[in-house]
Amino acid sequence: MEIDGEKARVVVPARLSAGAADARVDAANRIFHDIVRLVREHGFEPVVVAEVPDLSGFAGAVLPGGGDLDPALYGGDSSPTVYDVNPAQDALDLGIARAALERDLPVLGICRGAQVLNIVTGGTLHVDLPACSVTHQRAIEPGQEPEFVWHPVRLREGSRLRAQLGTGVVTVASGHHQGLDRLGAGLHLTATADDGLVEAFEDERGRLIGVQWHPEAAGTPAREQGAPFRVFAAAVEAKEALHA
């Protein structure tokens, strides 16, 4: 997508944790590059930043997955299951999300990124999901490589994501032990897992979209992989059309 003859720029916060003992951190760093690739493949120029920039001149933001947010940010209790809490990462992701909302920019949040969007709009998280009928994260032993688990999610009629996918049920790659609890102001539930957990949300104007799963995961069909990015691209196009 071009704005004034140049590719529209999209800000993507860098992953700041490295070399951690938890293999999930290294896995998140690897798939981060797949998110950057998908941003580029959908017509944008991704700009990876380690500090919150001035967002003038940016078309939107994409917030990727990663470790856990500090539970204190949403009034949650501490838990031994919480991992890779990084104050600098929290400040970067939340700062970009807030700056994007202040400028009314479209934002796509993926896994942790969806949780970031929920928090900045006043929502809360489950600090650690209880055992239930759906497995959202595979338990790993020390030295074992993390793997996604796959489960169906059901998309609500009328959602932009369902319109892009052309179906009401998709099987997604999941890798999270936390989840969305109370949705933030202006966010509407658009997909759930079979245990009732929130799996996706949008706002009424289509500026914000969050998915709890990992569309960038290897093995995800191309149409399903690109659907959240197409919803995001449509939001950018709609906003630019208002200012044309």
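The structure under discussion appears in the preceding block.
The structure presented is a predicted model; accordingly, all values stated were derived computationally and were not measured. (Residues numbered from 1 in each chain as written. Predicted model: local features only at pLDDT ≥ 70, side-chain atom pairs only at ≥ 80, totals over all residues. Heavy atoms only, no water.)

**Thoughts on the nonpolar core**
Right, so step 1: Counting 31 residues, the largest nonpolar core has Phe 44, Val 62, Leu 161 and Trp 213 as the members making the most contacts within it.
Right, so step 2: Per-element tally for this core: the top contributor is helix H5 (residues 222-242), with six residues.
Right, so step 3: In terms of nonpolar packing, the next biggest core, distinct from the first, is built from 29 residues, Leu 69, Ala 99, Ala 100 and Leu 117 among them. (Core = buried A, V, L, I, M, F, W, Y, C linked by side-chain atoms within 4.5 Å. Buried < 20%, exposed > 50% of the residue type's maximum accessible area, 1.4 Å probe, protein only. Helix = DSSP H or I, 4+ residues; strand = E, 2+ residues; numbered from the N terminus.)

**Some remarks on the packing of aromatic side chains**
Right, so step 1: Taken as a whole and judged by the stated rule, the model has one aromatic pair.
Right, so step 2: Taken together, a centroid distance of 5.4 Å and an interplanar angle of 55° make the contact between Phe 44 and Phe 232 tilted. Of the two residues, Phe 44 sits in strand E3 (residues 44-49) while Phe 232 sits in helix H5, which places them 188 residues apart along the sequence. We note that Phe 44, like Phe 232, is buried.
Right, so step 3: The ring centre of Phe 58 lies 4.1 Å from the NZ or CZ of Arg 9, which sits over that ring. (Phe/Tyr/Trp six-rings, centres within 6.5 Å; stacked < 30°, edge-to-face > 60°. Lys NZ or Arg CZ within 6 Å of the ring centre and 35° of its normal.)

**Some points on H5**
Right, so step 1: The end-to-end C-alpha distance of H5, which contains 21 residues, comes to 30 Å, matching closely the 30 Å that a straight helix rising 1.5 Å per residue would cover.
Right, so step 2: Where H5 bends most, the angle comes to about 35°, and this point is Pro 228.
Right, so step 3: Buried within H5 we find Gln 225, Gly 226, Ala 227, Pro 228, Phe 229, Val 231, Phe 232, Ala 233, Ala 235, Val 236 and Lys 239. (Expected span 1.5 Å × (residues − 1). Bend = angle between axes of the 7 residues up to and from the residue.)

**Brief notes about unusual backbone geometry**
Right, so step 1: Phi is positive for Asp 104, close to 60°, though the residue is something other than glycine.
Right, so step 2: Even without glycine at this site, Cys 111 takes up a positive phi of about 55°.
Right, so step 3: Along the chain, Cys 111 turns up in the loop between strand E5 (107-110) and helix H3 (112-120).
Right, so step 4: Here Cys 111 falls in the buried class, since its relative accessible area comes to 5%.

**Here we look at helix H2 (residues 87-102)**
Right, so step 1: Taking 1.5 Å of rise per residue, the 16 residues of H2 would be expected to cover 22 Å, and the 22 Å separating its terminal C-alpha atoms lies within 8% of that figure.
Right, so step 2: Turning to H2, its buried residues number three or more, namely Gln 89, Asp 90, Leu 92, Asp 93, Leu 94, Gly 95, Ile 96, Ala 97, Ala 99 and Ala 100.
Right, so step 3: Buried residues along H2 sit in contact with strand E2 (6-13), E3, strand E4 (58-63), E5 and H3.
Right, so step 4: The N-capping residue of H2, defined by a side-chain oxygen 3.0 Å from the backbone nitrogen of Ala 88, is Asn 86.
Right, so step 5: Two residues or fewer after H2 comes Asp 104, characterised by a positive phi angle close to 60°. (Contact = heavy atoms within 4.5 Å. Polar contact = N/O pair within 3.5 Å; in protein donor to acceptor, adjacent residues only side chain to side chain.)

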